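One letter stands for each residue in the lines below.
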Amino acid sequence: MTEQFLEGRTALVTGSVQGIGLAIAKALGAAGARVAVHGLADSATAEAAMDAVTAAGAPEVCFFGQDLADEAAVDDLMTAVERWGGADVLVNNAGIQKTVSLAEADAATWNAILAVNLSAAFHTMRRALPGMAERGYGRVVNIASVHGLVA
């Protein structure tokens, strides 16, 4: 495998304006991929993330800020990424968590966690996989939190 093995490929990393997602976006950029940085961020945070991915070696970086808790926004994200060339690599990294007792949990929190942590991964894959198959190349990585191992 060469250092630039993703040259000519496009990667979408959800939740990539900080932390693990940003580190993954930088690594994919260093491997030669164009990188779609995604997250809920103010303009300064989005710019800093894009600058970090560019500095890592990505030939092109674009920011997408759609809220994955909203199914229509996930479709908007995937349409925008398709217009940008389509994702050859999809990393579903975005996640949210609110740690409270069951007695303190409400339906809105439960629904938001399921929407971002589970449904968004389904919807991004549903939209990305046909293009990957058409181009004859695709990789999907779904990341889960340690919260999946605790009650």
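Criteria and thresholds
- Residues numbered from 1 in each chain as written.
- Predicted model: local features only at pLDDT ≥ 70, side-chain atom pairs only at ≥ 80, totals over all residues.
- Heavy atoms only, no water.
- Helix = DSSP H or I, 4+ residues; strand = E, 2+ residues; numbered from the N terminus.
- Rg over C-alpha atoms; globule rule 2.2 N^0.38 Å.
- Contact = heavy atoms within 4.5 Å.
- Areas by Shrake-Rupley, 256 points an atom, 1.4 Å probe, with all protein chains shown as cover.
- Core = buried A, V, L, I, M, F, W, Y, C linked by side-chain atoms within 4.5 Å.
- Buried < 20%, exposed > 50% of the residue type's maximum accessible area, 1.4 Å probe, protein only.
- Phe/Tyr/Trp six-rings, centres within 6.5 Å; stacked < 30°, edge-to-face > 60°.
- Lys NZ or Arg CZ within 6 Å of the ring centre and 35° of its normal.
- Expected span 1.5 Å × (residues − 1).
- Bend = angle between axes of the 7 residues up to and from the residue.
- Patch = residues over 30% accessible without salt bridge, like charges linked within 9 Å, V, L, I, M, F, W, Y side chains within 5 Å.
- Salt bridge = Lys/Arg side-chain N within 4 Å of Asp/Glu carboxyl O.
- Lys, Arg positive; Asp, Glu negative; His and termini not counted.
- Charge placed at Lys NZ, Arg CZ, Asp CG, Glu CD.
- Arc of directions from axis to C-beta.
- Polar contact = N/O pair within 3.5 Å; in protein donor to acceptor, adjacent residues only side chain to side chain.

1. Here's the deal with the overall build of the chain
So, point 1. Along the backbone of the chain there are four helices and five strands.
So, point 2. Scanning the chain from its N terminus toward the C terminus, one meets helices and strands in the order β-α-β-α-β-α-β-α-β.
So, point 3. For the chain, whose C-alpha radius of gyration is 16 Å, the value lies close to the compact-globule estimate of 15 Å for 151 residues.
So, point 4. When the backbone C-alpha atoms are referred to their principal axes, the chain occupies close to 50 × 30 × 30 Å.
So, point 5. Considering only residue pairs separated by 6 or more positions, the chain has 69% of its internal contacts joining residues 24 or more positions apart.
So, point 6. Accessible surface, the chain: about 8200 Å² in total, of which carbon and sulfur atoms supply 58%.

2. Here's the deal with the nonpolar core
So, point 1. Core analysis: the largest hydrophobic core is formed by 19 residues, its most contacted members being Leu-6, Leu-28, Val-35, Val-37, Val-53 and Val-89.
So, point 2. Among the secondary structure elements, those contributing two or more residues to this core are strand 1 (10-13), helix 1 (19-30), strand 2 (34-38), helix 2 (43-56) and strand 4 (89-92).
So, point 3. Ignoring anything within four residues of it in the chain, the contact list for Leu-28 reads Leu-6, Ala-11, Val-13, Ala-33, Val-35, Val-89 and Val-91.
So, point 4. Counting 16 residues, the second largest nonpolar core, distinct from the first, contains Val-74, Leu-77, Val-81 and Val-116.

3. Points about the packing of aromatic side chains
For any two aromatic rings, the description comes down to two numbers: the centre-to-centre distance and the angle of the planes.
So, point 1. If you walk through the whole model with that rule in mind, you get one aromatic pair.
So, point 2. Directly above the ring of Tyr-137 sits Arg-139, whose terminal nitrogen or CZ lies 4.4 Å from the centroid.

4. Focus: helix 4 (residues 107-135)
So, point 1. With 29 residues, helix 4 ought to run about 42 Å at 1.5 Å a step, and its terminal C-alpha atoms sit 40 Å apart, in line with that.
So, point 2. Taking the largest bend as the criterion, helix 4 deviates by roughly 45°, centred on Ser-119.
So, point 3. By the burial criterion, the buried members of helix 4 are Thr-109, Ile-113, Ala-115, Val-116, Ala-120, Ala-121, His-123, Thr-124, Arg-127, Ala-128, Gly-131 and Met-132.
So, point 4. Against helix 3 (71-83), strand 4 and strand 5 (139-142) lie the buried residues of helix 4.
So, point 5. The first or second residue beyond helix 4 is Gly-136, which carries a positive phi of 75°.

5. Side note on a negative patch on the surface
So, point 1. There is a patch of like negative charges on the surface, built from Asp-67, Asp-70, Glu-71 and Asp-76.
So, point 2. By the secondary structure assignment, Asp-67 is in the loop between strand 3 (61-64) and helix 3.
So, point 3. Relative accessible area serves as the criterion here: at 34%, Asp-67 is assigned to the partly exposed category.

6. Notes on helix 3
Because the α-helix completes a turn every 3.6 residues, residues three or four places apart line up on one side.
So, point 1. In this model, helix 3 (13 residues) spans 19 Å end to end at C-alpha, consistent with the 18 Å of a helix rising 1.5 Å per residue.
So, point 2. Those residues of helix 3 that sit buried are Ala-73, Val-74, Leu-77, Met-78 and Val-81. Relative to the axis of helix 3, the buried residues are bounded by an arc of 140° and lie together on one face.
So, point 3. Where helix 3 is buried, its residues meet strand 1, strand 2, strand 3 and helix 4.
So, point 4. Measuring from the side-chain oxygen of the N-cap residue of helix 3 to the backbone nitrogen of Ala-72 gives 3.1 Å; that N-cap residue is Asp-70.
So, point 5. At the exit of helix 3 stands Gly-85, carrying a positive phi of roughly 130°.

So far we have only geometry, and geometry alone does not tell us how the molecule works.
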